[in-house]
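Take a look at the letters that make up each chain.
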Amino acid sequence: ANAGGREGGTRANGRALATLGMASAMGIDFEGPGSVITAIGVLAVIITAHECGHFFAARARGIHVNAFAVGFGPNLFTYRGPEVEYSLKAIPLGGYVAFPDDDEDCPYPEDDPDLLRNRPTSDRALVVSAGIIANVLFAFGILYNQVTTVGFAEQKFEPGVVVKAFTSSSVARDAGIEAGDIILSVDGEKLAASGKSVGKVVNAVKNSPNDVLKFELMRIGADGAPEVKIVELRPSATPTGDGKVGVKLESNSSVSKHIASNPIEAASLAGNEFARLTALVWKSLSGLFLHFDDNKSQVSGPIAIVATGAEVMRSDVSGLYQFAAVININLAIVNLLPLPALDGGFLLLIAIEAARGGKKIPLEIEQSITGAGVLFLLISGASLILRDTINLIPH
């Protein structure tokens, strides 16, 4: 996408590609078979929404636009209108809106007030930020549609922690604990109806190597009636000195779907979910930048994102909604970053111009900054594509 300053004629296809490449895994479960074509379609629609934001904002303000494209590479479809050339390209993982401002064959005089570069900073800021706004609105719309159709998943916790399985060498299994048992308390400390109860059991075991622990268990008997029993066991010590009992645990919970009963409730629930996902995306991206060496393996390129999206297409339609919303939010946040060639970088240049009393930054400097940013994003995107492709090949 390209909707900034005096760089309107530059085809920065790599920007959306590299922007998607900065998406990170955030713990959302996308297991199951799926359709790569559908996942690519979802990404293409999200990119199109972003570009439509730039395009319609410019057209609404009467600003000249000369090209609107989704994808990069060879043209699959081209339509030339009176002013704008519309095109769909072979690889739908990028896009751009181009302005004629600095084209050598620009059909408009240099002082045309409807060229983007000649508009006030407020108009240019609106055009640049409109793509971000479009992704935010699209994400909210997706979540609103989800909560009014398939519903949001609600996890209801019950007291205790469920024993799911055992490791090959298990102190817990040897002591008589069985898969499906519910641990109600450890050494008399009750386990509340909370997702944090698993951590309490893990910490109790880790802090008690070679000490006796008393587990209160609930087990469903053969007649279907619950029975409570006490089991004592002694965690073995790991080489690091932590205790272990060789058991896999999960929260004692069930998941149900909640569908909003009216538009007000739907808007409220969609807003809360939007805020939750935004916080997750921001935490993931900020962690990436602040601790890049520790988190660089979490960075995914468009190939990995498509592979992830494909996993949700047939397993759970709720996961598809979440996938689409997260990519929209991710695209919006990344584009807000004040980096060259991203929307945030153009907004920073516009802000600097406004702070200088409307005095424009020299064209050569602005073009050098943007060109360096485009080159960086193209190289980053290509590197991620290569890495993700290699990772998908069976070893």
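Above this text sits the structure in question.
Our subject in this report is the structure included herewith.

Basis of the calculations
- Residues numbered from 1 in each chain as written.
- Predicted model: local features only at pLDDT ≥ 70, side-chain atom pairs only at ≥ 80, totals over all residues.
- Heavy atoms only, no water.
- Axes fitted to C-alpha atoms, helices over the stretch in contact; angles between N-to-C directions.
- Helix = DSSP H or I, 4+ residues; strand = E, 2+ residues; numbered from the N terminus.
- Parallel < 35°, antiparallel > 145°, perpendicular 65-115°, else oblique.
- Left-handed = near helix turned anticlockwise from the far one by under 90°.
- Contact = heavy atoms within 4.5 Å.
- Nonpolar A, V, L, I, M, F, W, Y, C, P; charged D, E, K, R; others polar.
- Core = buried A, V, L, I, M, F, W, Y, C linked by side-chain atoms within 4.5 Å.
- Buried < 20%, exposed > 50% of the residue type's maximum accessible area, 1.4 Å probe, protein only.
- Salt bridge = Lys/Arg side-chain N within 4 Å of Asp/Glu carboxyl O.
- Phe/Tyr/Trp six-rings, centres within 6.5 Å; stacked < 30°, edge-to-face > 60°.

### Description of the packing of helix α3 (residues 121–149) against helix α9 (residues 317–336)
Item 1. Relative to each other, α3 and α9 sit at 160°, their axes nearing to 8 Å. In terms of orientation, α3 and α9 fall into the roughly antiparallel class. Crossing angle aside, the handedness with which α3 passes α9 is left-handed. In this structure, α3 contributes I132, N135, V136, F138, A139, I142, L143, N145, Q146 and T149 to the contact, and α9 contributes S318, Y321, Q322, A324, A325, N328, I329, L331, A332, N335 and L336.
Item 2. Among the residues making up the contact of α3 with α9, the classes are represented as 13 nonpolar, eight polar and no charged.

### Re the nonpolar core
Item 1. Formed by 29 residues in total, the largest nonpolar core has its most connected members in I46, L143, L277, V281 and I329.
Item 2. For this core, the elements supplying multiple residues, two or more each, are α2 (36–60), α3, α6 (263–290) and α9.
Item 3. Per-element tally for this core: the top contributor is α9, with ten residues.
Item 4. Ignoring anything within four residues of it in the chain, the contact list for L277 reads L143, Q322, A325, V326 and I329.

### A few points about the pattern of salt bridges
Item 1. The full count for this structure, using the stated rule, is eleven salt bridges.
Item 2. Among the ionic pairs, E85 bridges to R80, the shortest N-O distance being 2.4 Å.
Item 3. According to the relative accessible area criterion, E85 is buried, its value standing at 19%.
Item 4. We note a salt bridge from R219 to D181, for which the minimum N-O separation is 2.8 Å. In this pair, R219 is assigned in strand β6 (residues 213–220) and D181 in the loop between α4 (171–174) and β4 (182–186), connecting sequence segments 38 residues apart.
Item 5. On the basis of relative accessibility, which here comes to 1%, the residue D181 falls in the buried class.
Item 6. Taken together, the salt bridges that share partners define one network made up of R61, D114, R119 and D123.

### Description of the packing of aromatic side chains
Item 1. Tallied over the full model, the rule gives six aromatic pairs.
Item 2. For the ring pair F55 and F56, a centre distance of 5.3 Å and an interplane angle of 75° mean the geometry is edge-to-face.
Item 3. Note on F55 and F68: the rings are 5.3 Å apart at their centroids and 70° apart in plane angle, and the pair reads as edge-to-face. Of this pair, F55 sits in helix α2 while F68 sits in strand β1 (residues 67–80), placing them 13 residues apart in sequence.
Item 4. One aromatic cluster in this structure is built from F55, F56, F68, Y79 and Y86.

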